[in-house]
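Structural description and commentary
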Amino acid sequence: MDEVLALKESVLFYLDRSGGLQKLVEDCEPFNGPQQSEAVYRFCVSVNPSDVMELDPLLGDRVLHDPLTATSLFRSVCFISIKTLSLIEQIHTENQVNIILKLTHLPPFPEYTLDLSAAPRSYGPTRPFAMEGLVIAMTRTTQYTQGARFLCSDDDCTCSTGYTHIRVHRPGATEAATVRRDFSCLVCGAPLKEDLKFRVLGDKQLVELIHVGVLDVLNVHPQRSLRYQSVTLFLRDELCHSMELGRLYRVLGIPALVHQWPGLTWSVEASSVQPCEPVYPHTVSPDLQALLKAAAGSPWRFPGLLAHSFGSEVVPPGRYDTLKLALLLSLVQTTPETAQTFHSLDLLALASDTLVIDRLMAYSLSLAVRGVRHQAQGEMFASLSRDEHGAGTANVHAGSALLASGGVCMLGDLGGFRKDKLDAIQSVLESRAVAVFVPGRRYGEEADQQLSFPVRCSFWALADASELLLRRSGPRGHGALLGATEMGPKPSQLAESFGLVLRCPDPLGGPGVLAQAAHTLSQALPPGGEPLYPTAIQLPYQDYKEFLSHARGLRGELSSGAEKMIHGYYMASRRVRCDQNHGVKVSVASVKLMITLAEAHCKLCLRTTVEEEDALIAVLLCENSITLQHGASVLVIPPDPAFPCDLGEGVGALLRRDLLLEDLRQAVLRFIYAYAPGAASYIAEE
């Protein structure tokens, strides 16, 4: 008895020192209304285990290893405080106080960490654990019983009135365990009946959490025999809607075995939820630092050299440089888990050799913060199933796009999708959200519902350009001309919904095919002998991975010159591309696309200010994409404007590229000056 009193004194001292008593007083104010009469009053108490352990080690041991006893101690102290301070007049017994302990953290020791890939899934200690995982499914919010009042059926018994028999929810308890009809009175043994007027309801949501290692299975890495099993997480009341599909979270909760006849379900009652951000190495290697220093004389050289040598394990240096630059720009724009905003950069590549492009995209996907390759047999966006834990509501499972949150979702060849799937892709690209229809009759609801989930990833896709051209080109192949590319069976709106459409020219049987064959053979042979590309810059995979992680953390600020170029190009393009039959062919989304491209190019240069030279690359890529879809305009640019010459010829090629890009910059400025309204106020005629 003396030990219990000492523990209660420690609880009172901790609540007073941590501000818990003041919060209790504030939480009691809403319950003082004339109509506020309930059987159970629920209060959340924030507990810092480190402070408790420093104050009273015995109490800290109860909090960490016997949470039910610790909850009972806090409930007793809170009840005495409420009665002493006359905070709620309707509370008569200690049973009416329902205390929920919210731990701020757990000790950073293995004993308090639960690895979801090696969880025992059996009987274990009912105490808090910390776990990290990926949300792959969640249900809609339903109700559960927080507490209920029971009265004795014998009118002569003292328990036929009052609040003697109160039942509240405990971790691992089902609805049937909280509210049943076979309870007996503790005084006389007569059956108890529930007073339905005093039942207190709360919200609950079920979430499927899985080990983060499942992302390696969803990526392009070789298939493994290892498989992961998800864990059911119960979110209650204020924790509902605190998690999103496809996000990583760190959860503090109490594992419990839920008895559902004829079996048992291992689940976790969540106590706190926090977004989790993985830590990646983000350093710039000495080789890249030396390359950046050597290319400091031009704002275009360093990203050009990066793209030129990128993906040398798949394609020879200098092949598909524009596509590789676009892939690097898309990779550097992916954001960490905790970022509030996401600037997507979607790519659609048109090529004759789709196999090589697919391999190049798969190689690039492994460098993303999170990369998911959509499988033909999997779900692309979301699917529905019935909840198996007694709620009977709809359970929404995340598809490839939602699982790639904050990263890249690789769709592959669009030629393998049906029309309905292409329409769904176009809808998601335009709205950046996944709509899920929930039929009410099937899932126990009164009415049908439409759920919406935000999509925070970039999409990569490819299509066979030769197939598209053969379908629509004339007898002499006029469809192969720049600006006359037809989308064939794919709707043109689908191509427009992708932010960037790139043509990867490589004639069948041309020198690029022979170079690719020689490169593939050299990669298959054991290393040794003379290098195949003695003058090319060779950067290892790990250098690119760490460099991109470092570049993602930079934040670019748009300069006045870059803003004027992007705005002026947009206004001029709308004027020259205005068609009476089809309307304006340059949408407002082009401005966002160009800003995203310019910021990404700025990050690749390891700068924090987006200059006019970054905006030029964005304008050229955007103009090239629009030209492929709608034809050329007054602004005449070469077929490959970002790389007008081959960089494999040494320093002279870099100088020639700088001169050609400077000429294109002057051409863009003259185009803006001539056709953008009011451009003369900020662009000099000379």
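Residues numbered from 1 in each chain as written. Predicted model: local features only at pLDDT ≥ 70, side-chain atom pairs only at ≥ 80, totals over all residues. Heavy atoms only, no water.

**Observations regarding the overall build of the protein chain**
For the protein chain, the count of helices and strands is 21 helices and 23 strands. Across the 686 residues in the protein chain, those meeting the buried criterion constitute 52%. In the protein chain, the proportion of contacts linking residues at least 24 apart, taken out of those at least 6 apart, comes to 73%. (Helix = DSSP H or I, 4+ residues; strand = E, 2+ residues; numbered from the N terminus. Buried < 20%, exposed > 50% of the residue type's maximum accessible area, 1.4 Å probe, protein only. Contact = heavy atoms within 4.5 Å.)

**What to know about the layout of surface pockets**
The rolling of a water-molecule-sized probe over the atoms marks out the regions of remaining empty space. Its volume calculated, the largest pocket comes out at about 640 Å³. Going through the elements one at a time, α13 (419-431), α15 (492-497), α19 (589-604) and α20 (612-630) are the ones with two or more residues in the lining of the largest pocket. Looking at the lining of the largest pocket, its residues break down into nine nonpolar, 11 polar and six charged. (1 Å grid on protein atoms, 1.4 Å probe; cavity = no way out; pocket = protein on both sides within 12 Å on 5 of 7 lines; lining within 4 Å. Points joined across faces, edges and corners; volume = space filled by probe spheres on them. Nonpolar A, V, L, I, M, F, W, Y, C, P; charged D, E, K, R; others polar.)

**Structural notes on the confidence of the model for the protein chain**
Detailed reading of predicted coordinates is not advised where the pLDDT is low. Across the protein chain, pLDDT averages 82, with 86% of residues at or above 70. By mean pLDDT, helix α14 (residues 465-472) is the weakest element of the protein chain at 50, and helix α10 (residues 321-332) is the strongest at 93. Across residues 469-490 the pLDDT falls below 50, and counting only partners more than four positions away or on other chains, this stretch makes 35 contacts in the model. (pLDDT = per-residue confidence, 0-100.)

**Section: empty space enclosed by the protein**
Scanning the model with the defined rule gives two cavities of 30 Å³ or more in all. Looking at the largest cavity, its volume works out to about 450 Å³. Around the largest cavity sit 26 residues that line it, and Ile100, Leu101, Pro171, Ile254 and Ala270 are the ones nearest its centre. Of all elements in the fold, only α5 (67-85), β2 (97-103), β4 (142-152), β9 (248-260) and β10 (263-275) reach the threshold of two or more residues within the lining of the largest cavity. Looking at the lining of the largest cavity, the element that brings in the most residues is β2, giving six residues. For the lining of the largest cavity, a count of residues per class yields 14 nonpolar, six polar and six charged. The computed volume of the second largest cavity comes to approximately 40 Å³. For the second largest cavity, the full set of lining residues is Tyr280, Leu367, Ala368, Val369, Lys545, Ser549 and Arg552.

**Considering the pattern of salt bridges**
A full pass over the atoms with the stated rule returns 23 salt bridges. Of the charged contacts in the structure, one is a salt bridge between Arg247 and Glu244, with a shortest N-O distance of 3.3 Å. Residue Arg247 is classed as buried on the basis of its relative accessible area, which comes to 11%. Using a relative accessible area of 37% as the deciding quantity, one classes Glu244 as partly exposed. For the salt bridge of Arg432 with Asp346, the shortest nitrogen-to-oxygen distance reads 2.8 Å. Taken together, the residues span a long stretch of sequence, with Arg432 in the loop between α13 and β16 (433-438) and Asp346 in the loop between α10 and β11 (347-351) at a distance of 86 residues. (Salt bridge = Lys/Arg side-chain N within 4 Å of Asp/Glu carboxyl O.)

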